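Architecture and fold: a report
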Amino acid sequence: MLKGKKILIGITGSIAAYKVIYLVRLLVKSGAEVKVIMTASAKNFVSPLVLETLSKNAVLENLTESSTWANHVALGRWADVFLIAPLSANSLAKIANGICDNLLMAVYLSATCPVVVAPAMDEDMWLHPATKRNIQHAASDGVHFIPIENGELASGLVGEGRMAEPETIVNFLISQFFRGTLLKNKTVLVTAGPTYEPIDPVRFIGNHSSGKMGFAIAEACYLEGANVVLITGPTALYSSFKEIKLVHITTANELLEQCMIEARQAQIIIMNAAVADYTPLKKETQKIKKGKNESEWLLPLVKTIDILALLGKQKTAHQYIMGFALETEQELKNSLEKLNVKKIDSIVLNSLNDAQAGFGYDTNQITIISKNGRTEKMALKSKTELAKDIVLYISEELDA
Ligand code: CTP
């Protein structure tokens, strides 16, 4: 998403400037071209040499440097985005009032690209009416603010005022300016993770699904311009893209209910959740005690509704539905059967026989088969990369 993008970073005087070292590294690693401007006081917090080395570009501070003149207009026009991070209370006040007393401010005033700021200051300064007024002025001039975070501050106090973390800043830039368009204006429903079927207040029937593949798919869809709803079973995961609507469920029945609600608006449905096929006939309200004489415990189970098959049955002409098939034997035959029986558009075969693939791993190996017979076997890759392949596959299917 950031490959070839030109990011101009302005650093002002704040202890949070140390985080920019990692930020520059993240941006460069993602393929962005980075140039850095610092104010004189920023140099008290971080060395220009480090930033110069990481960005592979000279760090600029002054409008004139010995016999050369830093062309602030050209810098503002070069950039796809001008990011000021950290933004101190002092520089915020200058931005709000158009004060031009250094190179950074000259670039700000002449920038034709979007300007994004990541403020950092102590809580009392952040909450001061003058700061609030300055934020309002700057925002009404079109400056984009990355929300400030709560936590331990340089003063030793705890509260609001921390600059957003570098990963959050990168995600903000991608979300606001650099999303792709493969699924633009499409609403996508993704399901992820396991379901837990309660036996009693203590025990449940679950499975090993980590949710990683489903989360990666939801993020890949979002990064290609889609509106995404992600319904997830119990996992330890979260998405750093707050724009993805996250719906938490526990049981297969709750997943069914939420799918029926969310599927109405969805043009694309990707059913990645590992849904329990059976659930206890009865959920006991008290913990089931160990029998004194019984050496076996037989637990009556009932079949859950096959959500994917139901969605396939209700599918409208404008919907595209992709399912997953987790197989341990006769993989192709079994997944083709699921594709046909559930009346869906494509199925992703996931074989537990492939090394480094499936539950818990960060990598996976999949084959995608469409109802028209198009079959694509992907190499062993990270789940993030495979999620991009899945999005590309679906977008090509929609265009075909
Ligand atoms: N699925 C579903 N509802 C269920 C069971 C499965 O929607 N009650 C969906 C899964 O999300 C997946 C697809 O059906 O997209 C296939 O799931 P899988 O577990 O591979 O197969 P099953 O249909 O459950 O059949 P089996 O367990 O016999 O392989």
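Residues numbered from 1 in each chain as written. Predicted model: local features only at pLDDT ≥ 70, side-chain atom pairs only at ≥ 80, totals over all residues. Heavy atoms only, no water.

**Regarding the overall build of the protein**
Along its length, the protein carries 13 helices and 23 strands. On the principal axes, the C-alpha backbone points of the protein span a range of 85 × 55 × 35 Å. When burial is assessed residue by residue, the protein has 48% of its 400 residues classed as buried. Contacts spanning at least 24 positions in sequence make up 67% of the contacts within the protein whose residues lie at least 6 apart. In the form shown here, the protein has an accessible surface area of approximately 19900 Å², with 52% of it arising from carbon and sulfur atoms. Charge separation in the protein, taken as the distance between the mean sites of 41 positive and 41 negative side-chain charges, equals 2 Å. (Helix = DSSP H or I, 4+ residues; strand = E, 2+ residues; numbered from the N terminus. Buried < 20%, exposed > 50% of the residue type's maximum accessible area, 1.4 Å probe, protein only. Contact = heavy atoms within 4.5 Å. Areas by Shrake-Rupley, 256 points an atom, 1.4 Å probe, with all protein chains shown as cover. Lys, Arg positive; Asp, Glu negative; His and termini not counted. Charge placed at Lys NZ, Arg CZ, Asp CG, Glu CD.)

**A word on the packing of aromatic side chains**
Going through the model one piece at a time under the given rule, you end up with three aromatic pairs. Ring plane angle 15° and centroid distance 3.9 Å describe the contact between Tyr 196 and Phe 204, whose orientation is recorded as stacked. Residue class for Tyr 196 comes out partly exposed when judged on its relative accessible area of 25%. Residue Phe 204 is classed as partly exposed on the basis of its relative accessible area of 43%. (Phe/Tyr/Trp six-rings, centres within 6.5 Å; stacked < 30°, edge-to-face > 60°.)

**Describing the nonpolar core**
Counting 67 residues, the largest nonpolar core has Ile 9, Leu 27 and Ile 270 as its most contacted members. A total of nine residues in this core trace back to one element, the largest contributor, which is helix H9 (residues 212–223). For this core, the domains that each give at least three residues are domain 1 (6–177) and domain 2 (187–284 + 299–399). Excluding residues that lie within four positions of it along the chain, Ile 9 makes contacts with Val 20, Leu 23, Val 24, Leu 27, Val 34, Lys 35, Val 36, Ile 37, Phe 82, Leu 83 and Ala 85. (Core = buried A, V, L, I, M, F, W, Y, C linked by side-chain atoms within 4.5 Å. Domains from an automatic or database assignment.)

**Comments concerning the domain arrangement of the protein**
With domains assigned, the protein is organised as domain 1 (6–177) and domain 2 (187–284 + 299–399). Here the C-alpha centroids of domain 1 and domain 2 sit 40 Å apart. Taken together, the four residues of domain 1 in the interface contact five residues of domain 2. Carbon and sulfur atoms supply 50% of the area that domain 1 and domain 2 bury against each other, a total of about 320 Å² over both sides. Considering only the surface of domain 1 that becomes buried against domain 2, Asn 171, Ile 174 and Ser 175 emerge as the three largest contributors, covering 93% of it. Where domain 1 packs against domain 2, one counts zero salt bridges. A breakdown of the residues in the side of domain 1 that touches domain 2 according to their chemical character gives one nonpolar, three polar and no charged. (Buried area = accessible area lost by both parts, 1.4 Å probe. Salt bridge = Lys/Arg side-chain N within 4 Å of Asp/Glu carboxyl O. Nonpolar A, V, L, I, M, F, W, Y, C, P; charged D, E, K, R; others polar.)

**Section: the packing of helix H1 (residues 18–29) against helix H8 (residues 166–177)**
Axis angle and axis distance: for two packed helices, these are the angle between their axes and the distance between the axes, and together they describe the pair. H8 packs onto H1 with a crossing angle of 45° between their chain directions and a minimal axis gap of 9 Å. Taken together, the axes of H1 and H8 are oblique relative to one another. Between H1 and H8 the crossing geometry is right-handed. Of the residues in H8, those in contact with Lys 19, Tyr 22, Leu 23, Leu 26 and Leu 27 of H1 are Pro 166, Glu 167, Ile 169, Val 170 and Leu 173. (Axes fitted to C-alpha atoms, helices over the stretch in contact; angles between N-to-C directions. Parallel < 35°, antiparallel > 145°, perpendicular 65-115°, else oblique. Left-handed = near helix turned anticlockwise from the far one by under 90°.)

**So, the sheet that holds strand E13 (residues 227–232)**
Read across the sheet, eight strands follow the order E14-E13-E10-E15-E18-E19-E21-E22 without closing on themselves; strand pairing throughout is mixed. Looking at which strands have only one partner, the edges of the open sheet turn out to be strand E14 (245–248) and strand E22 (375–377). Across this sheet, the average inter-strand angle for adjacent strands is 15°, counted without regard to direction. Across four bridges, the pairing between E13 and E14 is parallel. (Pairing = 2+ DSSP bridges.)

**Concerning the site of the ligand**
Around the ligand sit 16 residues in total, of which Met 271, Ala 273, Leu 308, Phe 324 and Lys 342 are the nearest. A distance of 2.9 Å separates an oxygen atom of the ligand from a polar atom in the side chain of Asp 277. One of the side-chain N or O atoms of Thr 304 is found 3.2 Å from a nitrogen atom in the ligand. Starting from 570 Å² of accessible surface for the ligand in isolation, the protein chains cover 77%. Listing elements by their share of the shell around the ligand, those giving two or more residues are helix H11 (307–314) and strand E18 (320–327). Of the residues forming the shell around the ligand, the biggest block, four residues, is contributed by E18. Of the residues that constitute the shell around the ligand, the class distribution is ten nonpolar, two polar and four charged. (Near = heavy atom within 4 Å. Polar contact = N/O pair within 3.5 Å; in protein donor to acceptor, adjacent residues only side chain to side chain.)

**Notes on the sheet that holds strand E5 (residues 81–87)**
Overall, parallel pairing links the five strands, which are arranged E2-E1-E5-E6-E7 in an open sheet. What marks the edges here is a single partner per strand, and that holds for strand E2 (33–38) and strand E7 (144–145). Note that strand E1 (residues 6–11) and E5 share four bridges and pair parallel. The residue of E5 that forms the bridge with Ile 7 is Val 81. Here H8 sits on the sheet and contacts E1, E5, strand E6 (115–119) and E7; the angle it forms with E5, its principal contact strand, is near 150°.

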